[in-house]
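What follows is the residue order along each chain.
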Amino acid sequence: MHIKQYKPKCGKICAGTGLFSIVGVVSYEAYRTYSALTNLVDTRVLDVDRKRPDYIYIKHHIYRQSLLEQLEQERRDSKLVNIVVQPFGKWWKALKHSVAWRLLRIAQAGELADRLKAVKQLALIDHLKDWDFQHLAQLCDARTAIALARSNCDSRWFLPPRQYGVEKETREVLVGVKQLIEHLVPDHCAEYVLGHTFGSHQIKEPSGDDGVHYPVNSATFEHDQMKQALSALVHLTTVEENCRKIIEAGGLLTLIEVEKLYKDDIDMKLTLSRIVANLSVGDERSYDFFASGWLSILSRWQKDIDMRMQVTTDLTLSNLDRDDPNCFTYESNVYPLYPKSRREKKPDVDIVFVHGLLGGVFVTWRQKDLKPQAASLLGKKHKSVSLVSSTTCAKAPTGGGGDGSNIRTATPTKPTSPFTNWSAKKSSYDDDRDAEEGIASAKEEVLTLQPTPPKPHPSISDTATQELIQALQEDEPLSSDWSVVFPDIPLVADEKYTSPAVHAKQNREGRYSVSGEKWLQEPLGDESVGRSFCWPMEWLPKDFPNVRVIGLNYNSSLSEWSASGCPCEKYDGKLEKRAGEFLKKLARSNVGQDRPVVWVGHSMGGLLIKSIMVQAAQSEDPAIRRIAENSHAVMFLGTPHRGSAIAKLKQHTSALVWPSVEVRELEENSTQLLHLNKTFLKAIAGLSKKPEIVSICEGIPTELTSFKVPLHIVPESSARIDEGDFYITKEDHLSLSKPMCRQSFLYQRLISVIWCAMQSARDETEQQHDQEKTSIGTTISHGKTSSVFTDVYRQLRQFEKLFNIFL
C-alpha cells in the first residue's frame with residue numbers, strides 16, 4: 001500500500017531532474033558556440049571612431065596644496081561646533097531663497113500696493129548665489145522684471161539674450177539691418193536710405209572694377225554703412241507705425257546683434273540707445289523687450305560711465321514700466337534727467353531746461369571750467385589744490401562784482417588768534433598766458449606746512465589781491481563772522497518782482513552772499529569725478545529731492561549746408577513748428593498737469609519757451625492749456641527777445657554762407673521775434689497767475705571760436721523783456737548757463753525761483769481746501785436740519801482754532 005503511493009512522486013522527481021539537465025547542456029553548448037564566434041570576429045574595429053576619455057596627469061606638487069586644503073576643511077567640518085552649526089547654515093540659505101521666492105510671487109500676483117513693496121524689497125537682495133538668481137530670473141515675468149530694472153537691482157536678476165556669446169560677422173548683421181529698413185517701404189525716408197546707403201538695395205563692397213580706387217578696407221566700409229543705417233533708424237523710429245513694423249519683423253533681436261558688435265564703441269552705443277528708446281514709446285512693448293533679452297542689456301547700460309547712456313536707458317525703462325502709478329512716457333528728444341528710478345509719489349514741480357543754438361542737454365548745462373589756482377583763490381577744495389585757510393570774502397555789492405579775481409574783503413568782527421596753517425606750494429608754471437590773467441598754473445601741487453606767512457605770488461600783480469591771499473593764509477578758516485559773495489555776482493540788479501513772499505527763504509542768508517562756514521562746506525565739484533557735465537541733473541535733487549528735471553534736446557545749425565534732419569524732407573527749423581512738437585510731447589509726459597512748471601532757457605531756448613507758452617495758452621485742449629496755467633516761473637539766460645546783430649549778415653556773405661532758418665529768425669528786430677514777444681507778454685497777462693520772470697544778461701563779450709573776436713552776442717537792449725527781474729553778470733554768453741558751483745548766483749537764484757513756485761502752489765492748494773470746507777459748511781447750513789448741523793460745524797471750527805493756537 002505504501003509502495004504504490006511513492007511511485008508517482010519518484011517519477012516526477014526523475015522527470016524534473018532530466019529536464020533541468022537537458023536545459024543546462026543546451027545553455028552550455030550555446031555559450032561555447034557564442035565564444036567561438038566571438039573569437040573568430042574582432043569587434044574592436046567598431047570602436048575606432050568612438051571618442052575615448054582623455055586624461056590629464058598632474059604632478060603631485062601641483063595639486064598637493066589643494067589636497068591639504070581639502071583635508072583641513074574635512075577636519076574643521078568634523079568638529080562638534082561645525083556639526084551643530086552647519087544644519088543651521090543650510091537652513092538659513094534655504095530660508096533666504098524661500099523669502100525671495102515668496103516676494104516674487106507677491107510681486108507677480110499681488111495687489112498694486114503689495115507689488116510695489118515686494119519689488120522694492122526684491123531690489124535690495126544681492127546676497128544670493130548665482131544659481132539662486134538664475135532660478136528666480138526664470139520664474140520672473142515681464143512686468144516684474146521691468147520693475148526690478150527701474151529699481152537699480154542686481155544685474156543677475158535678468159537672463160542674458162539667447163546665444164549672446166556668439167557674434168555674427170558685420171556683413172551679416174548689416175544685411176539684417178537693411179531688411180528692417182526694407183520692411184518700412186513705401187516710406188520715403190526708408191527708400192532714400194536704401195538707395196543712398198545701400199546703393200539700390202545692395203550692400204556694396206569697395207572694389208576697383210569701375211576704375212575708382214577706394215582708400216578704405218572692407219571693415220571700414222561696412223562700419224560706415226552701419227553708422228549711416230543706424231542714424232537713419234533714429235529718424236525712422238520717431239514714427240509710431242514704423243516702430244510697430246520693426247518690432248513685428250524681429251528688429252529687437254537684430255539690434256542685439258548690433259550691440260554685440262559695438263559694445264565698446266560709445267558713439268554707436270548712443271545711436272543704438274536712441275533707437276531702442278524710440279521703440280519703447282508705444283503701448284504693449286514690455287513683453288517684446290523682456291522676451292528678446294533687452295532688459296539684461298538695459299540693466300548694464302544703467303551703470304555705464306557715460307551719463308548720456310544712463311539718461312537714455314532711464315527713458316526707455318520708464319516707457320516700459322506700466323505698473324508704476326507715478327511713471328511717465330517720454331518721446332524722442334525729451335530726456336528725464338531726474339528722477340532715475342521709481343518714486344513713491346508724484347513730483348512737486350517740473351523743471352524744464354531748453355538749450356540754445358548749437359547747444360545740447362549735456363553741452364549747455366555743464367559746470368564751468370575752473371583752473372586749480374582759480375579754485376584756490378575762491379577758497380574751494382580742488383583735486384589738485386587744497387587750501388584750508390584760503391577764502392574769498394566780500395561785502396554785498398551795489399552794482400559791481402567779480403569773477404573771483406576782483407574781490408573786496410570785510411574784516412571779521414572778532415579777533416583771530418595766530419596759528420600754523422597749510423598752504424599750497426607752487427613748483428612750476430605752464431605758460432605766460434595764465435600769468436597775464438593773474439592766475440598761474442602749476443604742474444605739481446604739494447601741500448607743505450608753512451610756519452611763516454609765504455611771500456606774495458610773483459604772478460599776481462594786484463597788490464590788494466596779494467595782501468588778500470597773504471591775510472587768508474595767515475588767518476583761521478572762515479566762520480559765521482565772514483560773508484562770502486557769490487563768484488558770479490550781478491553787475492546790475494534791476495528787481496521789479498513785487499510778490500511779498502518772494503525770496504523769503506533766501507533773504508535770511510543774504511541775497512548775494514553766504515556765510516563762510518557754508519561756503520567752505522560746498523566744494524566746486526565731486527573730488528572723484530570732477531566737474532559736473534549736467535548740473536541740473538546732479539545739483540537740483542540735493543536741494544529738492546521730490547522734483548522732476550527734464551531736458552529738451554533739438555538739432556540746429558548755422559548754415560543750410562550743414563542742416564540736420566532727413567535729407568528727403570524739407571528742412572524746417574522754425575520756432576513755431578519746434579514749439580508745437582515739443583508742446584505735444586510735454587503734454588504726453590504729463591508736464592504741468594497737477595504741479596507747477598519752472599522753465600529755464602538759454603539763448604534761443606528762451607524763445608522756444610515763449611512760443612510753447614503762447615501756443616499752450618491759446619490751445620483749446622485742457623491738458624495743453626494747463627501747461628501755460630501752471631507755469632509759475634520762467635528764467636531767461638541771454639535770450640535775444642529782439643534778435644541779435646550777429647545773425648544779420650551782409651548780402652554777399654549770406655549768399656555764400658546760406659544761413660539756416662534759425663539764424664534768419666534771430667536777426668535783430670526780426671518781425672517774428674517782435675510779434676512773439678508781444679504775444680508772450682499778452683498771454684502771461686491773461687493767465688490766472690502771472691509767472692515770475694527772471695532775465696540774466698551777459699556783461700562781457702564772448703570770444704567766438706570761429707572768428708576769434710570778442711562780440712556781444714545778446715546785448716542788454718535785446719535781453720530785456722520789460723517784465724520781472726533783470727540782472728547783468730560778469731559772464732559771457734556761453735558761460736551764462738554754466739555756474740561755477742552751487743554757491744553761484746545763477747544757481748541760487750534758480751533755487752529761489754523753484755522754492756517760490758512750490759510755495760505758491762501750496763498756497764493755492766490750501767485756498768482750494770478752505771473754499772471746499774466753506775462750501776460744505778454752507779450746504780449743510782441750508783439743509784433741512786440746518787440748525788443742528790450749523791451748531792456742530794461751529795463747534796468744530798472752534799475746536800480747530802483752539803487746536804491751531806496750541807500748535
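Residues numbered from 1 in each chain as written. Predicted model: local features only at pLDDT ≥ 70, side-chain atom pairs only at ≥ 80, totals over all residues. Heavy atoms only, no water.

Observations concerning the pattern of salt bridges
Then step 1. Under the defined criterion, the tally for this structure stands at 29 salt bridges.
Then step 2. Between Asp 494 and Arg 720 there is a salt bridge; the shortest N-O distance is 3.3 Å. With Asp 494 in strand β6 (residues 490-494) and Arg 720 in the loop between α28 (716-719) and β14 (725-729), this residue pair connects regions lying 226 residues apart in the sequence.
Then step 3. On the accessibility criterion, Arg 720 (21% relative accessible area) is partly exposed.
Then step 4. Among the ionic contacts, a cluster of salt bridges with common partners joins Arg 150, Asp 321, Asp 324 and Arg 342. (Salt bridge = Lys/Arg side-chain N within 4 Å of Asp/Glu carboxyl O. Helix = DSSP H or I, 4+ residues; strand = E, 2+ residues; numbered from the N terminus. Buried < 20%, exposed > 50% of the residue type's maximum accessible area, 1.4 Å probe, protein only.)

Structural notes on the sheet that holds β14
Then step 1. The strand order across the open sheet built from eight strands is β1-β8-β2-β9-β10-β11-β14-β6, with neighbouring strands paired in mixed fashion. In this open sheet, the two edge strands, each paired with only one partner strand, are β1 (334-338) and β6. Averaged over all pairs of adjacent strands, the angle between their axes in this sheet comes to 15 degrees, without regard to strand direction.
Then step 2. Each of β1, β8 (548-552) and β9 (597-602) is contacted by helix α22 (residues 575-588), which is oriented at about 50 degrees to β1, the strand it contacts most. (Pairing = 2+ DSSP bridges. Axes fitted to C-alpha atoms, helices over the stretch in contact; angles between N-to-C directions. Contact = heavy atoms within 4.5 Å.)

Details of helix α10 (residues 240-248)
Then step 1. All buried positions along α10 are accounted for by Asn 242, Cys 243, Ile 246 and Ile 247. Around the axis of α10, the buried residues are gathered within 130 degrees of arc, so they sit on the same side.
Then step 2. At the C-terminal side of α10, Gly 250 shows a positive phi close to 75 degrees. (Arc of directions from axis to C-beta.)

With respect to helix α8 (residues 188-196)
Then step 1. Buried within α8 we find Cys 189, Ala 190, Val 193 and Leu 194. Buried positions in α8, seen along its axis, are confined to an arc of 135 degrees and lie on one side of it. Turned more than 90 degrees from where α8 packs its buried face, His 188 and His 196 sit exposed.

A closer look at the confidence of the model for the protein chain
Then step 1. Confidence along the protein chain averages 75 in pLDDT terms, with 66% of residues attaining 70 or more.
Then step 2. Here strand β3 (residues 421-426) stands out as the element of the protein chain with the lowest mean pLDDT, 29, in contrast to strand β2 (residues 350-354), whose mean of 97 is the highest.
Then step 3. pLDDT under 50 marks residues 206-216. Its contacts with residues more than four places away, or in other chains, come to eight contacts.
Then step 4. Contacts from residues 650-657, a stretch scored under 50 in pLDDT, to residues over four places away or in other chains number six contacts. (pLDDT = per-residue confidence, 0-100.)

Topic: the pairing of β8
Then step 1. Burial analysis of β8 places five of its five residues in the buried class, which makes it a mostly covered element.
Then step 2. Of the two faces of β8, the one lined by Arg 548, Ile 550 and Leu 552 and the one lined by Val 549 and Gly 551 are each fully buried.
Then step 3. The pairing of β1 with β8 spans four bridges and is antiparallel. For Tyr 338, the partnering residue across the bridge sits in β8 and is Val 549.
Then step 4. When β2 meets β8, the two strands line up parallel, connected through five bridges. Residue Asp 350 lies in a different strand from β8, and its bridge partner there is Arg 548.

What to know about the environment of Ala 587
Then step 1. Within the element layout of this structure, Ala 587 appears in helix α22.
Then step 2. Take Ala 587: its relative accessible area is 19%, and that puts it in the buried class.
Then step 3. Residues Ala 587 and Ile 624, 37 residues apart in the sequence, show an inter-C-alpha distance of 5.9 Å.
Then step 4. If we skip the residues at most four places from it in the chain, Ala 587 touches Ile 624 and Ile 627.

Observations regarding the packing of helix α12 (residues 266-279) against helix α15 (residues 307-320)
Then step 1. Viewed as axis vectors pointing N to C, α12 and α15 meet at an angle of 20 degrees, and their least axial separation amounts to 9 Å. As summarised for this structure, α12 and α15 are arranged roughly parallel, according to the angle between their axes. Between α12 and α15 the crossing geometry is left-handed. Across the interface between the two elements, Ile 266, Lys 269, Leu 270, Ser 273, Arg 274, Val 276 and Ala 277 of α12 pack against Arg 308, Met 309, Thr 312, Leu 315, Thr 316 and Asn 319 of α15.
Then step 2. Class assignment of the residues belonging to the contact of α12 with α15 gives a composition of six nonpolar, four polar and three charged. (Parallel < 35°, antiparallel > 145°, perpendicular 65-115°, else oblique. Left-handed = near helix turned anticlockwise from the far one by under 90°. Nonpolar A, V, L, I, M, F, W, Y, C, P; charged D, E, K, R; others polar.)

So, a negative patch on the surface
Then step 1. Together, Asp 763, Glu 764, Glu 766 and Asp 770 give the surface a local cluster of negative charge.
Then step 2. If you trace the backbone, Asp 763 turns up in helix α29 (residues 745-781). (Patch = residues over 30% accessible without salt bridge, like charges linked within 9 Å, V, L, I, M, F, W, Y side chains within 5 Å. Areas by Shrake-Rupley, 256 points an atom, 1.4 Å probe, with all protein chains shown as cover. Lys, Arg positive; Asp, Glu negative; His and termini not counted. Charge placed at Lys NZ, Arg CZ, Asp CG, Glu CD.)

Thoughts on the environment of Val 193
Then step 1. Along the polypeptide, Val 193 turns up in helix α8.
Then step 2. Assessed through its relative accessible area of 8%, Val 193 is described here as buried.
Then step 3. On a C-alpha basis, the gap between Val 193 and Ile 181 in space is 8.0 Å, while along the polypeptide they are twelve residues apart.
Then step 4. In this structure, Val 193 is in contact with Ile 181, Phe 198 and Ala 232, ignoring residues within four places of it in sequence.

Here we look at the state of the cysteines
Then step 1. In total, this model carries zero disulfides according to the counting rule given.
Then step 2. With no disulfide of its own, Cys 140 lies closest to Cys 153 among cysteine sulfurs, the gap being 8.7 Å.
Then step 3. What makes Cys 140 buried here is its relative accessible area of 7%. (Disulfide = S-S within 2.5 Å.)

Looking at the pairing of β2
Then step 1. Of all five residues in β2, five are buried; the element is thus mostly enclosed.
Then step 2. Along β2, one buried face is formed by Asp 350, Val 352 and Val 354 and the opposite face, lined by Ile 351 and Phe 353, is buried too.
Then step 3. By the bridge criterion, five bridges tie β2 to β9 in an arrangement that is parallel. Bridge pairing in β9 places Phe 353 opposite Val 600.

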